[in-house]
Amino acid sequence: MSDTRAPWSVESARRGAGWLLGGAIDGDVVVSCRVRLARNLSGFPFLSRATLDQRLEVMDAVRAQIARASLGPALLWANIHELPSLERTLLVERHLMSKELAKGDLPRGLAVTLPDERVSVMVNEEDHLRVQCLLPGMALPQAWAMASEADDRLEDGLDIAYSSRYGYLTACPTNVGTGVRMSVMLHLPALRLSAEIEKVKRAASDMGLSVRGFYGENSEASGDLFQISNQRTLGRPESMILAELHEQIVPTVIAYERAARRNLLDKQPRLVEDQCGRALGLLLHARLLTPEETMGAISMVRLGRALNIADCASIAADDATLLQLMLQVQPAHLQRIAERQMDQQQRREYRADLVRQRLTPATGA
Amino acid sequence: MKCDRCNAEATVHEVMIRQGQHAERHLCERCAAKLGLFGKRNPSAALKPSKGPKPPTAGDAPIEPPKPTHSFSITPVSKLPGPSGGTAPVPALGPPAPARAGTCRGCGKTMASFRQDERLGCPRCYDELGETLAGLIERVHDGASCHVGKIPKRLLAEARIRAATPGVTPDARASIALTSSSPAASSSTPAFSTPGAPAIPALTIEVSARRKSLREQLARAVELEQYEQAAKLRDELARLDRLLSTTIVQPAPDAKRRLEGTP
């Protein structure tokens with residue numbers, strides 16, 4: 001664990017995550033893109049019915065193939081079931097693995113490419129393998145290409161469960177077919193402020209898409225960060241899912257958000273200035289902060305910067321720093337940055353101090 | 001409420017939704033049974049997706065309390081007998097399921113336990129749990145019943161060899177072409193192409209072959225009064241039409257420029 005490149009290292013926590021760097025294109029709204037592929041080995045039961053030996057056998061086979069596959073310049077492998085709780089939480093906070101993988105003590109593993117952390121492979125989660133690619137900005141086609149390439153390399157040495165009728169066979173039939181989940185994370189503060197976000201959610205649902213929060217399923221949209229992803233995996237090729245999200249859905253939502261921002265500024269300038277100003281005041285002057293209120297306030301300050309509201313536009317932190325801060329104020333990251341364990345009260349104090357430092361020009365990051 | 005087919009009291013209420021279009025039918029128990037709306041042809045429990053919004057499912061709240069004796073059900077149009085979904089008689093069931101007992105011979109998983117945890121036991125379950133599972137899968141995936149998209153490279157290579165072999169069926173060739181000819185295959189996804197493999201005929205030709213074959217099967221099914229099978233074939237034809245109209249769309253030049261500027 002002394003490797004400074006490890007995602008749970010102090011250096012990584014202080015550096016933040018690559019996928020939160022934002023992007024040159026549509027960076028005011030689009031935060032990141034993710035593609036996940038669900039795969040299983042034929043000849044083995046799915047994990048709900050696998051014995052301990054079978055779990056180990058699957059993990060050994062996949063791990064060996066990951067080692068052969070050259071997925072990145074360097075690769076980290078972690079036996080998640082042997083990892084301390086804080087490290088597991090750090091990996092979840094960094095979106096490198098799911099909460100499901102973090103739970104439990106049965107054999108399970110995670111591979112992450114280093115130092116970029118762009119490609120990761122969860123082993124023995126709901127499916128035997130879940131290959132993921134996570135990129136900053138509006139880069140869904142690249143994320144798909146990278147995930148598919150990693151999938152090809154892994155498949156070379158593994159017998160993947162596939163049927164000509166149903167495609168890639170998965171433990172839950174909601175993922176069968178392509179096994180692909182393509183997601184785009186968007187920052188939508190103006191749609192939330194103008195109460196238009198529910199319309200977006202309904203429209204997305206009608207189109208077979210899901211809208212989830214920053215930490216996925218069942219999570220609230222902390223910091224006005226929303227993930228839009230495909231639901232259906234059968235009967236439509238990956239190219240169609242990709243084109244629909246990348247060419248139609250996401251550009252439309254971006255346009256809605258920008259229109260909502262303009263509308264707020266035109267029709268309720270005092271209100272939006274007040275909201276952004278209050279948020280900045282909270283971040284600069286609070287002495288105790290919870291993760292939720294911090295993320296909400298960062299979201300408003302980010303909106304203030306986009307709308308060129310004077311106070312927000314003059315802070316020391318840029319857009320990327322603000323996004324990184326949303327990650328760094330999470331409980332495990334905070335403790336790793338502080339290099340000590342803290343209880344909830346201590347975390348609130350440290351969080352307020354950290355945020356103030358990052359936003360204040362004299363001592364800003 | 002009266003039955004749509006006779007004057008008896010309607011106790012089965014069905015709502016059909018396709019592409020946002022809504023249609024209802026209201027039947028008495030006897031007529032519903034004649035139309036095969038009970039038992040195997042209309043699974044009473046539905047698969048809920050593990051993520052996101054709930055798909056159309058059977059088993060929701062009754063729509064006419066307190067009289068109705070059967071649940072309000074939402075059925076994908078692909079499961080219905082005729083184009084209007086209402087009046088064509090359905091005398092026969094589809095082909096028998098491979099495992100009538102509803103138990104997977106690979107792992108012992110049953111449909112009953114699947115309905116509890118919504119997880120299958122092993123890859124064989126997809127074949128072993130038969131048409132009941134197939135119906136649930138169709139429902140979850142908006143009526144789609146088969147995969148279109150990426151296939152493992154080793155299978156793609158084998159399929160290409162088979163496709164190049166004289167005597168291969170149009171269906172097999174169409175399946176390969178649908179998998180291989182998406183726009184992404186030629187640009188951003190090297191995963192779809194196998195260098196040195198025989199060239200694949202154009203998508204349109206292959207889909208035409210598949211459609212021709214389906215039309216012939218449809219005509220045969222109608223002739224034999226196998227209406228349920230005919231309805232499935234009709235939906236598959238419609239799906240192929242939609243696929244053809246969407247997979248050949250190329251990314252706009254503007255999109256390409258945006259991609260080049262993206263890290």
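Residues numbered from 1 in each chain as written. Chains lettered and ligands numbered in written order. Predicted model: local features only at pLDDT ≥ 70, side-chain atom pairs only at ≥ 80, totals over all residues.

Engineer: Explain the overall build of chain B to me, using residue names and the numbers behind them.
Structural biologist: Along its length, chain B carries 10 helices and 3 strands. Taking all 263 residues of chain B together, 36% fall into the buried category. Put simply, of all contacts in chain B between residues at least 6 apart along the chain, 54% involve residues at least 24 apart. (Helix = DSSP H or I, 4+ residues; strand = E, 2+ residues; numbered from the N terminus. Buried ≥ 20, exposed ≤ 12 C-beta atoms within 10 Å, placed from the backbone. Contact = placed C-beta atoms within 7 Å.)

Engineer: Explain the overall build of chain A to me, using residue names and the numbers behind them.
Structural biologist: Along its length, chain A carries 14 helices and 10 strands. Over its C-alpha trace chain A gives a radius of gyration of 21 Å, about what one expects of a compact globule, namely 21 Å for 365 residues. Dimensions of chain A, computed from the C-alpha atoms along their principal axes, are close to 65 × 45 × 30 Å. Classification of the 365 residues of chain A by burial places 58% in the buried group. A separation threshold of at least 6 residues defines the contact pool for chain A, and within that pool the share at least 24 residues apart is 69%. (Rg over C-alpha atoms; globule rule 2.2 N^0.38 Å.)

Engineer: Lay out the packing of helix H9 (residues 269–285) of chain A against helix H10 (residues 291–306) of chain A in plain terms, naming residues and giving numbers.
Structural biologist: Residue and element names in this part refer to chain A. With their axes 8 Å apart at the nearest point, H9 and H10 run at an angle of 130 degrees to one another. Here H10 runs oblique to H9, going by the angle between their axes. Handedness of the crossing formed by H9 with H10: left-handed. Of H10, the residues touching H9 (which contributes Gln275, Cys276, Ala279, Leu280, Leu282 and Leu283) are Glu293, Ala297, Ile298, Met300, Val301, Leu303 and Gly304. The class makeup of the residues in the contact of H9 with H10 is 10 nonpolar, 2 polar and 1 charged. (Axes fitted to C-alpha atoms, helices over the stretch in contact; angles between N-to-C directions. Parallel < 35°, antiparallel > 145°, perpendicular 65-115°, else oblique. Left-handed = near helix turned anticlockwise from the far one by under 90°. Nonpolar A, V, L, I, M, F, W, Y, C, P; charged D, E, K, R; others polar.)

Engineer: I'd love a proper account of the pairing of strand E10 (residues 225–230) of chain A, names of residues and values included.
Structural biologist: Residues and elements named next belong to chain A. For E10, the tally of buried residues reaches 6 of 6 residues, placing the bulk of the element in the interior. Inspection of the sheet shows strand E9 (residues 209–212) paired to E10 by 4 bridges, in the antiparallel sense. From the neighbouring strand, Ser210 faces E10, where its bridge partner is Ser229. (Pairing = 2+ DSSP bridges.)

Engineer: Report on the sheet that holds strand E1 (residues 30–39) of chain A, specifying residues and quantitative values.
Structural biologist: All names here are of chain A. One open sheet accounts for 8 strands, arranged E2-E3-E4-E5-E1-E8-E10-E9; its pairing is antiparallel. Every interior strand has two partners, whereas the edge strands, strand E2 (74–79) and E9, have only one. For this sheet the average axis-to-axis angle between neighbouring strands, irrespective of direction, equals 20 degrees. Contacting E2, strand E3 (109–114), strand E4 (119–123) and strand E5 (129–136), helix H2 (residues 52–68) crosses the sheet at an angle of about 165 degrees to E4.

Engineer: Go over the confidence of the model for chain B, please, and point to the residues and values.
Structural biologist: All names here are of chain B. Residue-level pLDDT values for chain B average 58, and 38% of them are 70 or greater. Within chain B, strand E3 (residues 73–75) has the poorest average pLDDT of any element, 28, and helix H3 (residues 125–128) the best, 93. Note that pLDDT drops below 50 for residues 168–206; the model gives that stretch 80 contacts with residues more than four away or on any other chain. Segment residues 244–263 is flagged for pLDDT under 50; beyond a separation of four residues in sequence, or across chains, it makes 33 contacts in the model. (pLDDT = per-residue confidence, 0-100.)

Engineer: Give me the environment of Leu129(B): which residues, what numbers.
Structural biologist: Mapped onto the fold, Leu129(B) is located in the loop between H3 and helix H4 (130–140). For Leu129(B), a count of 26 C-beta atoms within 10 Å corresponds to the buried category.

Engineer: I'd like a description of helix H3 (residues 85–93) of chain A, backed by residues and values.
Structural biologist: Residues and elements named next belong to chain A. Most of H3 sits inside the fold, with 7 of its 9 residues counted as buried. Taken residue by residue, H3 has Glu87, Arg88, Thr89, Leu90, Leu91, Val92 and Glu93 as its buried positions. One or two positions beyond H3, positive phi appears at His95, with a value near 65 degrees.

Engineer: Lay out the nonpolar core with the relevant residues and their values.
Structural biologist: Residue and element names in this part refer to chain A. Ranked by internal contacts, the top residues of the largest apolar core, which has 138 residues, are Leu110, Leu140, Ala143, Leu186 and Val301. When residues in this core are grouped by element, the largest group, 10 residues, is from helix H8 (residues 238–267). Look past the residues within four positions of Val301 in its chain and what remains in contact with it is Cys276, Ala279, Leu280, Leu283, Cys312, Ile315 and Leu322. (Core = buried A, V, L, I, M, F, W, Y, C linked by C-beta atoms within 7 Å.)

Engineer: Kindly report on the pairing of E3(A), identifying the contributing residues and their values.
Structural biologist: All names here are of chain A. Burial of E3 is extensive: 5 of the 6 residues sit out of reach of the surface. Bridging between E2 and E3 involves 6 bridges; their strand directions are antiparallel. Each residue of the ladder has a partner; that of Asn79, found in E3, is Gly109. Hairpin connection from E3 to E4: 4 residues lie between these consecutive antiparallel strands, with Glu117 at a positive phi of about 60 degrees.

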